[in-house]
Amino acid sequence: MSAPMTLEEAKERLRIHELWRILNLPGTPSKSCRCPWREDHKPSFSVSDDGMLWNDFSTRQGGDAVDFLRHATGLSEKVACRKFIEMAGGQSSEPLPVTRRAATPPQARPLPTLPPMRRGTPAEHEALAALRNIHIEAVRVADGAGLLRFGEWKGCPAWFVTDDTGRNAQARRMDGQPWDGIGAKAQTLPGCHAGWPIGAGMGDYQTLCLVEGSPDMLAALHFIVLEGRAA
């Protein structure tokens, strides 16, 4: 008997382009298209070429294919994760309703209430560096820049990637295990603006490095440190 499909495996199988077709959404997904679940007078929606990510520039929302399913249908995060895995495995034939809504102006959306976060201790820096197999100085740089914080989430020691705006934050467990209930190792905290690029607006820099997720950010800093460019 084969092991149950994980959420990460499901994301590799079912991309946003196919999910758009399954949900029978209007329009065609592309780098510049109209939002399929709200009135959109001009293209303000984008789907990456690989179908892994989406962004709604009008509402500053975005995320992966599971977030896409959740926003299109109004399902809770837990139910959306379960339905997504079923759909990726060809197990779900039940049609899902699409929830159409008016766009909420970005300035009207309140900032999320984030859990207590703090700078890491030397022991936490060492533990995260060992977990991600990166140079400890990369962890210290991220912490010093305000992009990395530590605390607890769902009763577990966790590390968070966030920034000074408080718009977006993603949590991962310090033991590297997936979160209960969603089967994924990363969780965007409730109420966060998932489409907000963490680190944006933190200052003027001559060089920018855009990465897809929290581990990639630490990996990028790892190589920056090795090249002696972290100053």
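The structure we're discussing is the one just above.
Just so it is clear, the structure is predicted and the values come from calculations on it, not from any experiment.

Rules used in this analysis
- Residues numbered from 1 in each chain as written.
- Predicted model: local features only at pLDDT ≥ 70, side-chain atom pairs only at ≥ 80, totals over all residues.
- Heavy atoms only, no water.
- Helix = DSSP H or I, 4+ residues; strand = E, 2+ residues; numbered from the N terminus.
- Buried < 20%, exposed > 50% of the residue type's maximum accessible area, 1.4 Å probe, protein only.
- Contact = heavy atoms within 4.5 Å.
- Pairing = 2+ DSSP bridges.
- Salt bridge = Lys/Arg side-chain N within 4 Å of Asp/Glu carboxyl O.
- Phe/Tyr/Trp six-rings, centres within 6.5 Å; stacked < 30°, edge-to-face > 60°.
- Lys NZ or Arg CZ within 6 Å of the ring centre and 35° of its normal.
- Axes fitted to C-alpha atoms, helices over the stretch in contact; angles between N-to-C directions.
- Parallel < 35°, antiparallel > 145°, perpendicular 65-115°, else oblique.
- Left-handed = near helix turned anticlockwise from the far one by under 90°.
- Nonpolar A, V, L, I, M, F, W, Y, C, P; charged D, E, K, R; others polar.

(A) How the structure looks around the overall build of the protein. Of regular secondary structure, the protein possesses 7 helices and 8 strands. Expressed as a percentage of the 231 residues in the protein, the buried residues total 43%. Here the contacts in the protein between residues at least 6 apart in sequence split such that 54% fall between residues at least 24 apart.

(B) A look at the pairing of strand S7 (residues 169-173). The buried count for S7 comes to 5 of 5 residues, which makes it a mostly enclosed element. Burial along S7 is two-sided: Ala169, Ala171 and Arg173 and Gln170 and Arg172, pointing in opposite directions, are all buried. Where strand S6 (residues 156-162) and S7 come together, 5 bridges link them in antiparallel fashion. By the bridge assignment, valine 161 is partnered in S7 with glutamine 170.

(C) Representation of the environment of histidine 222 within the structure. Positionally, histidine 222 belongs in helix H7 (residues 214-226). Along the primary structure histidine 222 and isoleucine 134 are separated by 88 residues, whereas in three dimensions their C-alpha atoms are 5.8 Å apart. Residues within four places of histidine 222 in sequence aside, it is in contact with Ile134, His135 and Ala138.

(D) Just the pattern of salt bridges, in detail. The final tally for this structure, using the stated rule, is 14 salt bridges. Glutamate 18 is the salt-bridge partner of arginine 21, the closest N and O atoms lying 2.4 Å from each other. Here arginine 21 pairs with glutamate 18, and both are found in helix H2 (residues 16-22), just 3 residues apart, close to one helical turn. Classification of glutamate 18 as partly exposed rests on a relative accessible area of 34%. Connected through salt bridges with shared partners, the residues Glu8, Lys11 and Asp64 form a single ionic network.

(E) Up close: the packing of aromatic side chains. Taken as a whole, this structure holds 8 aromatic pairs when the rule is applied. Aromatic side chains tryptophan 37 and tryptophan 54 sit 5.2 Å apart centroid to centroid with 90 degrees between the ring planes, which places their arrangement in the edge-to-face category. On the criterion of sequence distance, the pair formed by tryptophan 37 in the loop between H2 and strand S1 (45-47) and tryptophan 54 in strand S2 (residues 53-56) is long-range, its members being 17 residues apart. Ring plane angle 75 degrees and centroid distance 6.3 Å describe the contact between tryptophan 54 and phenylalanine 68, whose orientation is recorded as edge-to-face. Note that tryptophan 54 is positioned in strand S2 and phenylalanine 68 in helix H3 (residues 65-73), a separation of 14 residues in sequence. Among the aromatic residues, those joined into a ring-pair cluster are Trp20, Trp37, Phe45, Trp54 and Phe68. Over the ring of tryptophan 179 we find arginine 173; its NZ or CZ atom is 6.0 Å from the centre of that ring.

(F) Focus on the packing of helix H6 (residues 136-144) against H7. Relative orientation of the contacting elements H6 and H7 amounts to 115 degrees, with a least axis distance of 8 Å. Accordingly, the angle class assigned to the pair H6 and H7 is roughly perpendicular. The chirality of how H6 crosses H7 is right-handed. In contact with Glu137, Ala138, Val141 and Ala142 of H6, H7 contributes Met217, Leu218, Leu221, His222 and Val225. Classifying every residue of the contact of H6 with H7 gives 7 nonpolar, 1 polar and 1 charged.

Everything listed is a geometric property; what it means functionally is a separate question.
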